[in-house]
Amino acid sequence: MASDQKTPRFSPAETTVVFLLGGPGSGKGTQSSNLVRDYGFVHLSAGDLLRAEQIRPGSQYGELIKSYIRDGQIVPMEITVALLSNAMADTLAEQAASGKAKNEKARFLIDGFPRKLDQAVFFEETVCPSEFTLFLDCSEEVMEKRLLKRGETSGRDDDNAESIRKRFRVFVETSMPVVDEFEKQDKVIKVQATGTVEEVYERIQDGFEKRGVRPSSF
């Protein structure tokens, strides 16, 4: 299912892509909402897209995704990237129809992706080079406390100490190389994700300001 595209589907001149990475419990969901509200980002979660695709009538990937998840295997990155790419295309078409696209570049915040370095490379080669990665840096101790607290009400099976530690190890082993590689390219905003939600968001806004990313006018 490899792509035969020679150039990315979308141009960075017209589309801003920001990857949002951080360990489990680093606050990605909360800060995503702030960025969508103030900066006009369209929030895309790879996990949400995969879950939605499984149940979408007539999906070409639905059964395949189900079988990978059922067998405890990672869904091939080509499928995840295709879903992200198509979601971006749908958004751009909607913005063009409403006239928004004429005013500002479309902004996409891609949450929890890329999880591995090869996914980052494949996305940038076939979909769109990213502007930068926002990395929410948080200690395992703080994330564990947050997730255990969330687990009291979330009903999520993976909000328990053993699962949390396992997820944290996976993040360090697979996703940190992505952050390290983008840091070498000067494409990371690293934010300490401790303190209050407001304090963390202020740090994010400072990082965006330094990169010349201003709040959106729409």
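Check the entry above for the structure.
Residues numbered from 1 in each chain as written. Predicted model: local features only at pLDDT ≥ 70, side-chain atom pairs only at ≥ 80, totals over all residues. Heavy atoms only, no water.

How would you sum up the nonpolar core? Please name residues and give values.
Counting residues in each nonpolar core, the largest one holds 30 residues, and the members touching the most others are Leu44, Met88, Ile110, Phe113 and Phe123. Mapped onto this core, the elements with two or more residues apiece are strand 1 (15-22), strand 2 (42-45), helix 4 (77-98), strand 3 (106-111), helix 5 (117-126) and helix 7 (161-184). When residues in this core are grouped by element, the largest group, seven residues, is from helix 4. The contacts of Phe123, once residues within four sequence positions are left out, are Val17, Phe19, Val81, Leu84, Met88, Ile110, Phe113 and Cys128. In terms of nonpolar packing, the next biggest core, distinct from the first, is built from 20 residues, Val18, Leu109, Cys138 and Phe208 among them. (Core = buried A, V, L, I, M, F, W, Y, C linked by side-chain atoms within 4.5 Å. Buried < 20%, exposed > 50% of the residue type's maximum accessible area, 1.4 Å probe, protein only. Helix = DSSP H or I, 4+ residues; strand = E, 2+ residues; numbered from the N terminus. Contact = heavy atoms within 4.5 Å.)

An account of the environment of Lys66 is requested, with residue identities and associated values reported.
With respect to the helices and strands, the residue Lys66 is situated in helix 3 (residues 62-70). The exposure class assigned to Lys66 is partly exposed, which follows from its relative accessible area of 28%. In sequence terms Lys66 and Ile55 are eleven residues apart; their C-alpha atoms lie 9.3 Å from each other.

Which residues make up the side chain of Thr91, and what values go with them?
Topologically, Thr91 is positioned in helix 4. Residue Thr91 is classed as buried on the basis of its relative accessible area of 12%. Dropping the residues within four chain positions of it, Thr91 is found in contact with Val42 and Phe108.

So, the pattern of salt bridges: which residues are in play, and what are the values?
Oppositely charged side chains may form a pair once their charged atoms are brought near each other. Here the structure, examined in full by the defined rule, presents ten salt bridges. In this structure, Asp38 and Arg37 form a salt bridge, with 2.9 Å as the shortest nitrogen-oxygen distance. A residue is classified by how much of its surface remains accessible, and Arg37, at 54% relative accessible area, is exposed. For the salt bridge of Glu209 with Arg214, the shortest nitrogen-to-oxygen distance reads 3.6 Å. Overall, Glu209 belongs to the partly exposed group, its relative accessible area being 44%. The class of Arg214 is partly exposed, set by a relative accessible area of 43%. (Salt bridge = Lys/Arg side-chain N within 4 Å of Asp/Glu carboxyl O.)

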